[in-house]
Amino acid sequence: MKNKNRPLSPHLSIYKPQITSILSISHRISGVFQSLGLLIIIILLLSLLLGENYHKYYMSFIESYLGKLFIFFYIFSLSYHMFNGIRHILWDLGFGFEMKNVYYSGYTIIFLTLILGTFLLIN
Amino acid sequence: MVELLLPKNSKVKNGKNFKSKGNNKNRKKFLIYRYDPDSNDNPRVDNYDLDISNSGPMVLDALISIKNKLDPTLTFRRSCREGVCGSCAMNIDGTNTLACTKYISDVKGPIKVYPLPHMPVIKDLVPDLKGIYKQYNSIEPWLKTKTANNEDRERIQSPKDREDLDGLYECIMCFCCSTSCPSYWWNGDKYLGPAVLLQAWRWIADSRDEASEERLEKLQDSFKLYRCHTIMNCTKTCPKGLNPAKAISNIKKKILARN
């Protein structure tokens, strides 16, 4: 064979997105987002420590559109990560591996995330 | 390592168009990945407009029609044409399956056909499976015993113990599952992948095998086994309806119970 430098077949770009893989990558992303959210909470505590002016700066960020968007994603990723975490614990215990149950639990956590996220957002 | 984009020599280009004569009502378009190892060109996607009125109902039938009528250079593996050999495993309409058991009518619009994802391509739809066979070999997929053989009979197994192998022995090693797994895409050099792990479990679960301890010991590795993150693409795509994710979970549980 002349050409030993074999090409790699396409993967991510051609594989159909489905509940299984989408919920899995969302779990990672929501996890990363929570680390960022933790940073925001730490900065809140720091601003409280540093005095009124710093806290005002902080609140002006939180009340800006960017801040609100951030809080919005933080709350939903928190809810999602928690429910999907429970799903993962059940898998680790050996439950819910039939494809039907994977879809059932997947849709259930999406539903619960929407409810809890909206509830937290309103309060 | 995670590399989301394809290397330079693997980027797919637009290819040629082919059209069959005949009945214009009953046609189907096939977009098929092509790679010619004898040229220095990148892979391309050729467009085949096929009259399917005289072809069988499966995607494999259409591929054979294309090879016979439109383009004899199209290359793919096939053998049994009834889902027991695993040769014609490929990515059809975005998911991995066997071309011989996938109905043409199940896909709306043009049918995209690619080789199994994230594999070195030998030619067209033929992936290089050497690496994955090596991994299969590494789990020593044969009966290992310590007690002496009984000379006048085979090693026996109760019907109940035999039932433990249901859902495992049916695997035809087509590797649809392993090549559907994002974790295997990124870490396929070290992670064994669902197909090989299902086989590993098949021998651990076998009541006649006497090497479970050693097998589990070898698997207890953050890459070989624990790159499984329960994504479940494997179970979703298995053309034989098996459950590799469940098998991997069984190995994890067994290792946990042993420690």
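These numbers were taken from a predicted model, which means no experiment stands behind them. (Residues numbered from 1 in each chain as written. Chains lettered and ligands numbered in written order. Predicted model: local features only at pLDDT ≥ 70, side-chain atom pairs only at ≥ 80, totals over all residues. Heavy atoms only, no water.)

### Quick word on the interface of chain A and chain B
How big an interface is tends to be expressed through the accessible area that disappears when the partners come together. Stated precisely, the cut-off is as follows: Contact definition: two residues touch when any of their heavy atoms are within 4.5 Å. Put simply, buried area is the surface a 1.4 Å probe can reach on two separate parts but cannot reach once they are joined, added for both. The term salt bridge refers to a pairing of a side-chain nitrogen on Lys or Arg with a carboxyl oxygen on Asp or Glu at a separation within 4 Å.
Counting residues at the interface gives 29 residues for chain A and 45 residues for chain B. A buried area of about 3,300 Å², summed over both sides, lies between chain A and chain B, and 60% of it is on carbon and sulfur atoms. Taken together, chain A and chain B are joined by two salt bridges. A salt bridge links Arg6 of chain A to Asp128 of chain B; its shortest N-O distance comes to 2.7 Å.

### Side note on the nonpolar core
For clarity, the threshold we go by: Residues belong to one nonpolar core when they are buried, are Ala, Val, Leu, Ile, Met, Phe, Trp, Tyr or Cys, and are joined through side-chain atoms within 4.5 Å. Per-residue accessibility, obtained with a 1.4 Å probe over protein chains only, is compared with the maximum for each type, and a residue is labelled buried under 20%, exposed over 50%, and partly exposed between these values. A run of H or I in DSSP counts as a helix once it spans at least four residues, and a run of E counts as a strand once it spans at least two, with each numbered from the N terminus.
If you look at the biggest cluster of nonpolar residues, it comprises 70 residues, and the most contacted ones within it are Phe30, Ile32, Leu63, Met90 and Ile251 of chain B. Those elements that provide at least two residues to this core are β2 (27–34), β3 (44–51), α1 (59–70), β4 (89–92), β6 (111–114), α5 (193–204), α6 (212–219) and α8 (244–258) of chain B. When residues of this core are assigned to their parent elements, the largest contribution, seven residues, is made by α5 of chain B. When near neighbours in sequence (up to four residues on either side) are disregarded, Ile32 of chain B contacts Arg44, Val45, Asp46, Tyr48, Leu63, Ile66, Leu74, Val113 and Leu125 of chain B. In terms of nonpolar packing, the next biggest core, distinct from the first, is built from six residues, Ile19, Tyr80, Tyr103 and Ile109 of chain A among them.

### Structural notes on the environment of Asn9 of chain B
As a reminder of what qualifies: As used in this structure description, the phrase polar contact means that two N or O atoms lie within 3.5 Å; if the pair is within protein, one of them must be able to donate a hydrogen and the other to accept it, and residues adjacent in sequence are counted only when both atoms belong to side chains.
Within the element layout of this structure, Asn9 of chain B appears in the segment before β1 (13–19). The residues touching Asn9 of chain B, leaving out its near neighbours within four places in the chain, are Asn5, Arg6 and Pro7 of chain A together with Asn42 and Pro43 of chain B. A polar contact is formed between the side chain of Asn9 of chain B and the side chain of Ser10 of chain B, at a distance of 3.0 Å.

### Details of α6 of chain B
All names here are of chain B. Short version of the rule: By construction, the arc corresponds to the directions joining the helix axis to the C-beta atoms.
Among all positions of α6, only Ser212, Arg215, Leu216 and Leu219 are buried. Angularly, the buried residues of α6 cover 95 degrees about the axis, an arc narrow enough to put them on a single face. For α6, the secondary structure elements touched by its buried residues are α5 and α8.

### What about the sheet that holds β6 of chain B?
Residues and elements named next belong to chain B. Condition: In this scheme, strands are said to pair when DSSP sees at least two bridges between them. Angular values range over 0 to 180 degrees, each being the angle between N-to-C directions of two axes fitted as lines to C-alpha atoms, with helices fitted over their stretch in contact.
Strand order in this open sheet of six strands is β1-β3-β2-β6-β4-β5, and the pairing throughout is mixed. Each end of this open sheet is capped by a strand with a single partner; those strands are β1 and β5 (95–98). For this sheet, the mean inter-axis angle between neighbouring strands, taken without regard to orientation, is 30 degrees. Pairing analysis gives four bridges linking β4 to β5, with the strands arranged antiparallel. Across the sheet, Ile92 pairs through a bridge with Thr95, a residue of β5. Lying over the sheet, α1 contacts β1, β2, β3, β4 and β6, oriented at roughly 95 degrees with respect to β3.

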